[in-house]
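# Architecture at a glance
Read off the chains here:
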Amino acid sequence: MNQDILICGVGGQGTVLASKLIASAAMNLGNVVHSAETIGMAQRGGSVTSHIRIGNTASSPLIPMGSADLILAFEPSEAVRNLAYLKEDGTIIVNRVPIAPSTASAENLSYDGTEMIDYLHKKCHCVVVDGEELCRPFGSSKFFNIAILGVAVGCKKIEIGADVIINEIEKRIPERFIFLNKDAFHAGIRMGETYEVK
């Protein structure tokens, strides 16, 4: 198995946990895995990017530009910011729900993510997910990081089985939250199956 996956979002969205779940699941299948995070002012909503390289072909933990098979983007502008990493036939799974940067709030600029989503549709194959709708049954958008993994599994864009990821959820998530996280993951799978990549 050889797959390069980039996860991007902003501080507080759980991107690092999502990357650790993927990396551990891939290693449990016997794969060599390299991973790295780049974090910019994460505590203040800054950009967070995780690189996961699965397989024997990677010589560095950082994905070269134009090489990512899959980008999981937790926020539209972060998807556009990291688009150069995507390979020509790669896929972006992106949350349509924006998080306005502090500069937009300070200057009273409107930002709803629509232009970013339109741009992505023109530039690449993207699966657009409404994170609020997906996470509503669980009472918090904090479950999106697990749900988007389910979307990737459901639309067959990640080469790791659902059972292996569930096993990692059970090992890495605090016990009182395991049930809800597993439900969010399965909800993501069901949504992903409706998108199945054409």
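Residues numbered from 1 in each chain as written. Predicted model: local features only at pLDDT ≥ 70, side-chain atom pairs only at ≥ 80, totals over all residues. Heavy atoms only, no water.

Okay, the confidence of the model for the chain next. Per-residue confidence for the chain gives a mean pLDDT of 90; residues scoring 70 or more make up 90%. Mean pLDDT values for the elements of the chain range from 51 in helix H3 (residues 102–106) up to 98 in strand E4 (residues 68–73). (pLDDT = per-residue confidence, 0-100. Helix = DSSP H or I, 4+ residues; strand = E, 2+ residues; numbered from the N terminus.)

Attention now goes to the packing of helix H6 (residues 144–154) against helix H8 (residues 175–195). For any two helices packed against each other, one specifies the crossing angle of their axes together with the interaxial distance. Two elements in contact, H6 and H8, have axes separated by 6 Å at closest approach and are oriented at 35 degrees. H8 is crossed by H6, and the crossing has right-handed handedness. Facing H6, whose interface residues are Ile-146, Ala-147, Leu-149, Gly-150, Val-151, Val-153 and Gly-154, H8 presents Asn-181, Ala-184, Phe-185, Gly-188, Ile-189, Gly-192 and Glu-193. Here the residues of the contact of H6 with H8 sort into eight nonpolar, five polar and one charged. (Axes fitted to C-alpha atoms, helices over the stretch in contact; angles between N-to-C directions. Left-handed = near helix turned anticlockwise from the far one by under 90°. Contact = heavy atoms within 4.5 Å. Nonpolar A, V, L, I, M, F, W, Y, C, P; charged D, E, K, R; others polar.)

Formed by 43 residues in total, the largest nonpolar core has its most connected members in Ile-22, Leu-72, Ile-93 and Phe-185. No other element matches the eight residues that H6 contributes to this core. When near neighbours in sequence (up to four residues on either side) are disregarded, Ile-22 contacts Ile-5, Ile-7, Ile-52, Ile-54, Leu-72, Leu-149, Ile-158 and Ile-160. Counting 17 residues, the second largest nonpolar core, distinct from the first, contains Ala-68, Ala-73, Tyr-85 and Ile-92. (Core = buried A, V, L, I, M, F, W, Y, C linked by side-chain atoms within 4.5 Å. Buried < 20%, exposed > 50% of the residue type's maximum accessible area, 1.4 Å probe, protein only.)

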